[in-house]
Amino acid sequence: QLSKTGGIEIQDDFSSDQTETTNIESRNRLLENYATDKAVTPQSRRKRKQIRSVAHGMLDYAAVPFTFVASKLQAGSIKGSIFTLITSTVGSGIVTLPYAMYLTGLWQGLIMFILGAAQANFSAYLLVRGARLSEQPTYDLVGERAFGPKMGTFAKINLIINCEATVINYAVLIASLVPESIRDLWGDHLPSDSILFSNAFWACMVFGFIIFPLSLPRELSALRHFSLLCFVIFVFLSVSIVAEFFNPRIVPDAGHNWNSIKSYDFNAQALFISYPFINFAYNNHPNILPIFVELQRASQRRMNKVMIRSFFTVCAFYCVVASFGYLTFVTQPDQLEKQEILEANYHSSLPILIGKLGLCICVIFALPLSVYPMRDMTGYLLWPDEMPVKKWKHFGIASVIVVSAMIVACFVSSVGAVSAFTGASTNPVVCYILPCAFFLKLSPEKNTSAIKLTAWFVLIFNIVFGIIGMVEFFIQYT
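Residues numbered from 1 in each chain as written. Predicted model: local features only at pLDDT ≥ 70, side-chain atom pairs only at ≥ 80, totals over all residues. Heavy atoms only, no water.

## What to know about the overall build of the protein
- What the protein contains, in helices and strands, is 21 helices and zero strands.
- Expressed as a percentage of its 478 residues, the buried residues of the protein come to 50%.
- At a minimum sequence separation of 6, the contacts of the protein that also span at least 24 residues come to 80%.
- When the accessible surface of the protein is totalled, it reaches about 23800 Å², and 64% of it is carbon and sulfur. (Helix = DSSP H or I, 4+ residues; strand = E, 2+ residues; numbered from the N terminus. Buried < 20%, exposed > 50% of the residue type's maximum accessible area, 1.4 Å probe, protein only. Contact = heavy atoms within 4.5 Å. Areas by Shrake-Rupley, 256 points an atom, 1.4 Å probe, with all protein chains shown as cover.)

## Brief notes about the packing of helix 13 (residues 268-281) against helix 20 (residues 426-442)
- Packing of helix 13 against helix 20 brings their axes to within 10 Å, and their N-to-C directions diverge by 55°. With respect to each other, helix 13 and helix 20 are oriented oblique. Where helix 13 crosses over helix 20, the handedness of that crossing is left-handed. Packed against helix 13, whose contacting residues are Tyr275, Asn279 and Phe280, the element helix 20 presents Asn427, Pro428 and Tyr432 at the interface.
- Counted by class, the contact of helix 13 with helix 20 contains four nonpolar, two polar and no charged residues. (Axes fitted to C-alpha atoms, helices over the stretch in contact; angles between N-to-C directions. Parallel < 35°, antiparallel > 145°, perpendicular 65-115°, else oblique. Left-handed = near helix turned anticlockwise from the far one by under 90°. Nonpolar A, V, L, I, M, F, W, Y, C, P; charged D, E, K, R; others polar.)

## What to know about the layout of surface pockets
- If you add up the space inside the second largest pocket, you get close to 500 Å³.
- Contributions of two or more residues to the lining of the second largest pocket are made by helix 7 (106-134), helix 13 and helix 21 (450-477).
- For the lining of the second largest pocket, the leading source of residues is helix 7, giving eight residues. (1 Å grid on protein atoms, 1.4 Å probe; cavity = no way out; pocket = protein on both sides within 12 Å on 5 of 7 lines; lining within 4 Å. Points joined across faces, edges and corners; volume = space filled by probe spheres on them.)

## Focus: a nonpolar patch on the surface
- A cluster of nonpolar side chains, namely Ile157, Ile161, Leu381 and Leu382, defines an oily patch on the protein surface of about 320 Å² accessible area.
- Secondary-structure elements contributing two or more residues to the nonpolar patch are helix 9 (149-186) and helix 17 (350-382).
- As for its position among the elements, Ile161 is in helix 9.
- Residue Ile161 is classed as partly exposed on the basis of its relative accessible area of 41%. (Patch = residues over 30% accessible without salt bridge, like charges linked within 9 Å, V, L, I, M, F, W, Y side chains within 5 Å. Salt bridge = Lys/Arg side-chain N within 4 Å of Asp/Glu carboxyl O.)

## Details of the side chain of Lys452
- With respect to the helices and strands, the residue Lys452 is situated in helix 21.
- Buried charge Lys452 goes without a salt bridge, the closest partner of opposite sign being Glu445 at 7.1 Å.
- At 3.1 Å, the side chain of Lys452 and the backbone oxygen of Ser443 are in polar contact.
- Those residues within four positions of Lys452 in sequence are excluded, and the remaining contacts are Phe439, Leu440, Ser443, Glu445, Lys446 and Asn447. (Lys, Arg positive; Asp, Glu negative; His and termini not counted. Polar contact = N/O pair within 3.5 Å; in protein donor to acceptor, adjacent residues only side chain to side chain.)

## Let's talk about a positive patch on the surface
- A cluster of basic residues, Arg297, Arg301, Lys305 and Arg309, forms a positive patch on the protein surface.
- Tracing the backbone through its elements, the reader meets Arg301 in helix 15 (residues 300-328).
- Looking at Arg301, the relative accessible area reads 54%, which means it is exposed. (Charge placed at Lys NZ, Arg CZ, Asp CG, Glu CD.)

## Some points on the packing of aromatic side chains
- Throughout the structure, instances matching the rule amount to 20 aromatic pairs.
- Between Phe246 and Phe324, the ring centres sit 6.1 Å apart and the planes meet at 50°, which makes this aromatic pair tilted. Taken together, the positions of Phe246 in the loop between helix 11 (226-244) and helix 12 (254-259) and Phe324 in helix 15 put the pair 78 residues apart, joining distant regions of the chain.
- Taking 6.0 Å as the distance between ring centres and 90° as the angle between the ring planes, the aromatic pair formed by Tyr275 and Phe461 counts as edge-to-face. (Phe/Tyr/Trp six-rings, centres within 6.5 Å; stacked < 30°, edge-to-face > 60°.)

## What to know about the confidence of the model for the protein
- Summing up the model confidence of the protein, the mean pLDDT is 80 and the portion of residues at 70 or higher is 82%.
- Per-residue pLDDT stays below 50 along residues 1-22; that stretch engages in 16 contacts with residues further than four places along the chain or on separate chains.
- Contacts of residues 54-67 to residues separated by more than four positions or lying in other chains number one contact, the stretch itself having pLDDT below 50. (pLDDT = per-residue confidence, 0-100.)

## As for helix 7
- In this model, helix 7 (29 residues) spans 42 Å end to end at C-alpha, consistent with the 42 Å of a helix rising 1.5 Å per residue.
- Across the 29 residues that make up helix 7, a large majority, 22, are buried.
- Positioned one or two residues after helix 7, Glu135 has a phi angle of 60°, which is positive. (Expected span 1.5 Å × (residues − 1).)

## Quick word on the pattern of salt bridges
- According to the stated counting rule, one finds four salt bridges in the structure shown.
- Here Arg129 ties to Glu445 by a salt bridge, and the two come within 2.9 Å at their closest N and O atoms. Taken as a pair, Arg129 in helix 7 and Glu445 in the loop between helix 20 and helix 21 lie far apart in primary sequence, 316 residues in all.
- Accessibility expressed as a relative area gives 14% for Arg129, which makes it buried.
- The exposure class of Glu445 is partly exposed, given its relative accessible area of 30%.
- The closest approach of N and O atoms between Asp265 and Lys262, which form a salt bridge, is 3.4 Å.
- Classification of Asp265 by relative accessible area gives partly exposed; the value is 22%.

Here it is in structure tokens:
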């Protein structure tokens, strides 16, 4: 009846009650709009319902892959833990691996990648054993139980430096990838001295307007959902690097490239230079204990499954990318000597360009996740009795972290240099030396047991290679 008459009349008797009059007038206007809308008929309403049902169905259908992945990769499950470990291991270090293979040769490089995965898995195993022996859930507390409070502080400092090095690595990667992408897209239409080709300009813009604001909130759990997106981007980029080897515009004669490979090179200098790049690629040990704590029915056996499958899946991933990146430019060593495969001349390949831009997005949103633990550890180290710290201290710590990384990105243009420095300095300490030392101190096994002798070998090996790697770094980059 209301739809036919176009509304209801408001009697003067209601004018005394202002509130009720307002409500009735509002209701009346709604009814008038409803009645005068000729498009709203029973048929049109049914059609709208059908459209909404189809739209919801399409959204549900589109979400099926993500729902399926989420159901299979639940937090704390074996598969979920493997996925978390893989996504937190594969990072910016992947772009420098073709250069490491160029230094060592194809087959020797593959062997070194496999040995790197085995060493990373072994030291992660020792770290979990140390956590179980000490009954402590975090890296620094395991060190404190093993060697006392000073070791706990030393472990925190090394973790902070390691996180800062990772942030700087991401910063340099962003500052180099964005200008390269713009040059590929509009290089012919812009002057060669355009500010858009400046690493410093993009470092300031990205850090000032995106990364710094994202690094300020005390919690930003939504960014953790980008791990799946980042993994998809890395897979796409890796497939693109493999596919470009078969692009005749880039590799005119694949057989000639294959015949030009170097199988091995036992040059000691090449080994010491390539070691930090491989070491940095497996840098993930600060995440081992959080994954172990979250694991359902946590046990050494279940965690061993997670670590073995994760590290050797990453190893296979690295071997494919490094091999095809090396094979693509084996006849153009000047391209490999840029140390970052994405800076090589892919002739403005669209898949590589998409991979570059996707990698930039991935790194931009992953970078704050490296800032958070470093920020919190720094606050706890400086003001242990004041947690959480006051807002101005919180703001100051985040500012120092982000600004320092931005300054380095403005003056350092090589991702390889940062990866080499990190892989020869903090990575050996955090990923290999300290886990071995914790286990050797906490384990009641005999000093002549196979596992302790192996732990001693890994510890001494990384001390020696770390020192020599740092010497080679200063010789090469200074």
